[in-house]
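Coordinate inspection notes
Residue strings, one per chain:
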Amino acid sequence: MFAMIRKELLVLLRDRASLITLFVSPMLFITVMSLALSNSFDTLGSAPKMNISIVDQDGGIAAKNVVKALGGSDELKVTTGLSGDAADKRVRDGKDSFAVVIPAGFEKEVESGRKPHFSFVVDPSSSRQAVDPLQAAIRSAVLTVTSSTRTAVSLEKQRAAEHDPVRKAQLKKQIDKIDETWSGVTSTSTFPKGMTGVKYPSVYQQNVPGYTVMYVFFIVTVMAGSIMVERREGTFRRLLSAPVPRWQLLLGKVVPYLMVAVAQVGVLMAFGKLVFGMDLGVHPVALVPITVALGCCAVALGLLLASFAKSESQVNGMGTIVILVLAALGGCMVPGVFMPDFMQDIAGFTPHGKALNAFQEVMVKGADLGTVLPASGFLLGLAALFFVLAVPRFRFVK
Amino acid sequence: MTATVTAPAAGVRMDDVLTATGLVKKFGDRAVVDGVSLRVGTGEILGFLGPNGAGKSTTIAMLTGALKPDGGTIQVDGAEFAAGPMRAKALIGVVPQEIALYPTLSARQNLTFFAGAYKLSRAERRERIDWALDVVGLTDRAGDKVASYSGGMQRRVNIAAALLHMPRLLFLDEPTVGVDAQSRNQIFETVLRLRAEFGMSVVYTSHYMPEVEQLCDRIVIVDHGKVLAEGTQEELLRPLGAGLLEWAPTREELDRLQGGMVWLEKRFADHGQITVAAAGDGTQVLRIRVKDMPATLREVSEIAAGTGLGLGGIRLGRPDLESLFLDLTGRQIRDGA
C-alpha cells in the first residue's frame, strides 16, 4: 500500500498541469476574487473612496457648505468646479459613480424655508446596492449642512438687526415660521444625457449576461480538448490524407464551436427573458454583433490553447485557470462597481469585461447597434490576435 | 467494383503507383527519416518493416501528405505530390496506426463523415459505404456505436474508412496492433481481396515479421530512419543461406574439448559464415549461417560422436526476416530502436 501511495505521489508531482490546477489555480483565484471583493469587505476606516462630482450651479453659502462637507468625507473622492455637461460626461464615461447637481436658486430655497431641491446624475447601469446607501447618506449630509447654514444665516441676520428692534422682531417672526414649516431637502435622480434606461440593472441583468459570458468561454477547453483528442486518435491524420485543404479542416473545427457559442448566448438570454422576465433593452438586435464577436474571441482562444498545450491535462489546467481568472477580472462573478478602481480598469481590457459591459449597455442603457460596435470590434481584434498567434504553432498531428 | 486484376507475381516489375526518393524529415537536429527511397508498383503489396521508432510512421506521414518532407521527392501515379497534393491525395487511402474514428458515432456515421471528404455524390456515398462495410464484414453492426465494438472490429472500420473513394494505393500503418487472431485473419483477407479484385496497391507497415512474410510481395526494412534492405523475401533471405545453426556447448563440455571453441570454429570453417558470441551464463555460442544444411548436420553428428559433445545445445533456424533483421542490425526487431 505504501508503495502505491509513494508511486501515486511521484506521478502527481511529475504532472505539472495537475499541480497547477490544484495549487496555482486556487491561489490565482483567491487573489483575484479577494481583490475584486475588497471594497465589500473593507472596514469603514480602510474602504477606498468612491468617485463623485459636485456641480454647484447656485454659488450660495449653503451650496458651498455642501461642497465643503462632502469634499471632507473620508468615503468620497469629490471633483468640483465642473459644468453640468462635464459632470454628465464623467458619469457617462464611468469615471464617477454619480454627480450631485446643486441648482441655481438653492440658497433662496434654503433661506425661504422651502424644501431645497438638488439632483443626482446617475449611470443607469450602476448597482443600486452600491449607489442607494451613498445617495441616502448624501441627502442626509445636505440636509444637515443646509439646516445649519440656514440657522447660521438667520442668526447672522438677527445679529445684524440687533440695533433695530422692529426689524429684529420681524426677522424672529419669519424665522420661527420657517422653523415650523422646515421639512428637509428633496432630490431626484436623472441619467446622463444620451443614456436611456429607466432602471438600474436587475440581478438578472447582471447574472445572466455575466454567467453567459463566463460559460461561453468554457468552449475554450471543450474545443481545445476536442482538438487534442483528434490529434491523439489520429482522425486529423486521416483527414490530412484526404483531398481537403488544411484551412478547410481548421475552419471545419472552429465554425461548429462558434455556432455553439452563439447558440449558448441565445439560449441563455432567452432563458433570462422567459424565466426571469429580464429586459433585453430597446435595441436587442444590438446584442447580435457582441454575441458573434464574443464567440469568435472564445474559439480563437481555444485554438490558441490547443496550439500551445502539449496534453489534454494541460488544456484542462490552463484552460480552467484562464477562464475563471478572466471571468473574475471581467466582472462576471462580481459586479464591477464592487471592485476597486484598478480592477475596474483591468476589467475593461478583458474580453469578458468588454462583452459583459457591451451586453449591459444594450440591456440596461438601451444602447443601439452603433454604440456596441467599438466593443464588438475590440473582441474581434482580440480574436484576430489569438488566431494569428495560434495558426503558426498549430499542428494537426502529434 | 467488379473489375478484377490478377495478382502480380512477386518480384515482377510493375508500373509504379508511388515513387519516393531521398525522403528526409528532421525534428530539431535529429533526422527521424534520413534519405528513404522506395517504390510501389500497381497491385503490389509492399511490406514496410522496422522496429518501433525506426521512422516508419513518419515516412508514411510524409507519403500521405500529413507531414511535409524536409528533403526528397514523392510521386503518386507519375505526378509530383507537392505540385498537386489534392490530386495525389485523391488516389491514396490511409489507415492510421490509431483507431482514427469517432467512438460516439456509429460505423455508418463515421464512414459517411469520411466519405464527405472525397466529394462523393449521395448515391455514390451510400453505395461505397455499403460496399466497404461488406468488405470488412461489419454490415450487420453498421448502426452500432464504434465505442461498443471490439478492438478487432474497430480496426476493420478503420480500414473501411480508407476505402470509400476506392484509392489506387492503400497505406496500412500497423493495422493489426491489439487485435485477436480472427480479426487479424479477416484483415489479411481484406487486403488480399482488395489487391486481387481491384488491383489496389498496398503499403503495409508492421513490426510483426510473420505478417509481412505472409502478405507482402516486396519488403523494405528500415531502421534509424534509413533503408537497410529492399527486395522480395527471397532476395532478402538469400544471403542468409540455407538456415542458421547455433551450438552452445556447456562449460564442462568445452573444458573437456581439446582446442575448445576455436577447434569447433575451425571444423565448421567451410560450412558458412561463422560468428562466436558470448552467452549470458559465461559460455559461448557458435552461430553458423549454413550454406548446405544436410552437410552441416552430418558434420555435427561426426563431431558429437568423436568428442562426446551433447546435442542439447543445438538450435536450428530457418532463414526469416527476423534473422535477417538480426543479421543487419545485431538486434531483435522488437527490441526497439
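Refer to the structure presented above.
Here goes a summary of the coordinates provided. Because the structure is predicted, anything quoted here is derived from the model rather than measured.

Let's shift gears to the interface of chain A and chain B. Taken together, the contact pairs 17 residues of chain A with 25 residues of chain B. Interface area, chain A with chain B, both sides summed: about 1800 Å², of which 57% is carbon and sulfur. The largest per-residue losses of area from chain A upon contact with chain B belong to A:Arg237, A:Arg238 and A:Pro243, which jointly make up 41% of the total buried on that side. At the surface where chain A touches chain B, the tally comes to zero salt bridges. In this assembly, chain A and chain B are joined by seven residue pairs in polar contact (both at pLDDT 80 or more). Of all elements in the fold, only helix 10 (219-233) and helix 11 (235-240) of chain A reach the threshold of two or more residues within the side of chain A that touches chain B. Tallying contributions element by element places helix 11 of chain A first for the side of chain A that touches chain B, with five residues. Taken together, the residues of the side of chain A that touches chain B sort by class into seven nonpolar, three polar and seven charged.

Further remarks concern the packing of helix 10 of chain A against helix 14 (residues 312-329) of chain A. Residue and element names in this part refer to chain A. Between helix 10 and helix 14, the least distance of the axes is 9 Å, while the angle of their chain directions is 170°. By the criterion of interaxial angle, the relationship of helix 10 to helix 14 is roughly antiparallel. Residues Val-220, Thr-221, Ala-224, Gly-225, Met-228, Val-229 and Arg-232 of helix 10 form the contact with helix 14, whose participating residues are Glu-312, Val-315, Asn-316, Gly-319, Thr-320 and Ile-323. Here the contact of helix 10 with helix 14 is built from residues that sort into six nonpolar, five polar and two charged.

Residues and elements named next belong to chain B. Considering all chains together, one arrives at 24 salt bridges over all chains under this definition. One salt bridge connects Lys-226 with Asp-34, and the closest N-O pair in it is separated by 2.9 Å. Of this pair, Lys-226 sits in strand 10 (residues 226-232) while Asp-34 sits in strand 2 (residues 30-41), and the two are 192 residues apart along the sequence. In this structure Lys-226 comes out as partly exposed when scored by relative accessible area, which is 41%.

Residues and elements named next belong to chain B. The four strands are arranged 2-1-4-5 in an open sheet whose pairing can be described as antiparallel. Both edges of this open sheet fall to strand 2 and strand 5 (79-80), since each of them pairs with a single strand only. With two bridges connecting them, strand 4 (residues 71-76) and strand 5 associate as antiparallel partners. Looking at strand 5, one finds that Val-76 is bridged to Ala-79. Across the sheet, helix 1 (residues 56-63) lies against strand 1 (16-27), strand 2 and strand 4, angled at about 120° from strand 1, the strand it touches most.

Next up on the list: the pairing of strand 8 (residues 201-206) of chain B. Residues and elements named next belong to chain B. Of all six residues in strand 8, six are buried, a share of seventy percent or more. The alternating pattern of strand 8 places Ser-201, Val-203 and Thr-205 on one face and Val-202, Tyr-204 and Ser-206 on the opposite face, and all of these are buried. Bridging between strand 3 (residues 45-49) and strand 8 involves five bridges; their strand directions are parallel. Directly across from Leu-49, in strand 8, lies its bridge partner Ser-206. Judged from the five bridges that link them, strand 7 (residues 169-173) and strand 8 form a sheet pairing that is parallel.

Here we take up helix 1 of chain B. Of all eight residues in helix 1 of chain B, seven are buried; the element is thus mostly enclosed. Backbone geometry just after helix 1 of chain B places B:Gly65 at a positive phi near 90°.

Applying the stated rule across the entire model yields 12 aromatic pairs over all chains. A centroid spacing of 5.4 Å and a plane angle of 85° characterise the contact between A:Phe98 and A:Phe120, whose relative ring orientation is edge-to-face. With A:Phe98 in strand 3 (residues 98-102) and A:Phe120 in strand 4 (residues 117-122), the pair connects residues that are 22 residues apart, well separated along the chain. Here the two residues A:Phe98 and A:Phe120 agree in accessibility, since each one is buried. A centroid spacing of 4.3 Å and a plane angle of 10° characterise the contact between A:Tyr204 and A:Phe276, whose relative ring orientation is stacked. Residue A:Tyr204 is found in helix 9 (residues 203-216), and its partner A:Phe276 is found in helix 12 (residues 246-276); the two are separated by 72 residues along the sequence. Judged by its relative accessible area of 35%, A:Phe276 is partly exposed. Through a chain of ring-to-ring contacts, three or more aromatic side chains come together here, namely A:Phe98, A:Phe118 and A:Phe120. Positioned above the aromatic ring of B:Phe114 is the side chain of A:Arg238, whose terminal nitrogen or guanidinium carbon lies 5.0 Å from the ring centre. A:Lys354 extends its terminal NZ or CZ atom over the ring of A:Phe378, reaching a point 4.9 Å from the ring centre.

Thresholds applied
- Residues numbered from 1 in each chain as written.
- Chains lettered and ligands numbered in written order.
- Predicted model: local features only at pLDDT ≥ 70, side-chain atom pairs only at ≥ 80, totals over all residues.
- Heavy atoms only, no water.
- Contact = heavy atoms within 4.5 Å.
- Buried area = accessible area lost by both parts, 1.4 Å probe.
- Salt bridge = Lys/Arg side-chain N within 4 Å of Asp/Glu carboxyl O.
- Polar contact = N/O pair within 3.5 Å; in protein donor to acceptor, adjacent residues only side chain to side chain.
- Helix = DSSP H or I, 4+ residues; strand = E, 2+ residues; numbered from the N terminus.
- Nonpolar A, V, L, I, M, F, W, Y, C, P; charged D, E, K, R; others polar.
- Axes fitted to C-alpha atoms, helices over the stretch in contact; angles between N-to-C directions.
- Parallel < 35°, antiparallel > 145°, perpendicular 65-115°, else oblique.
- Buried < 20%, exposed > 50% of the residue type's maximum accessible area, 1.4 Å probe, protein only.
- Pairing = 2+ DSSP bridges.
- Phe/Tyr/Trp six-rings, centres within 6.5 Å; stacked < 30°, edge-to-face > 60°.
- Lys NZ or Arg CZ within 6 Å of the ring centre and 35° of its normal.

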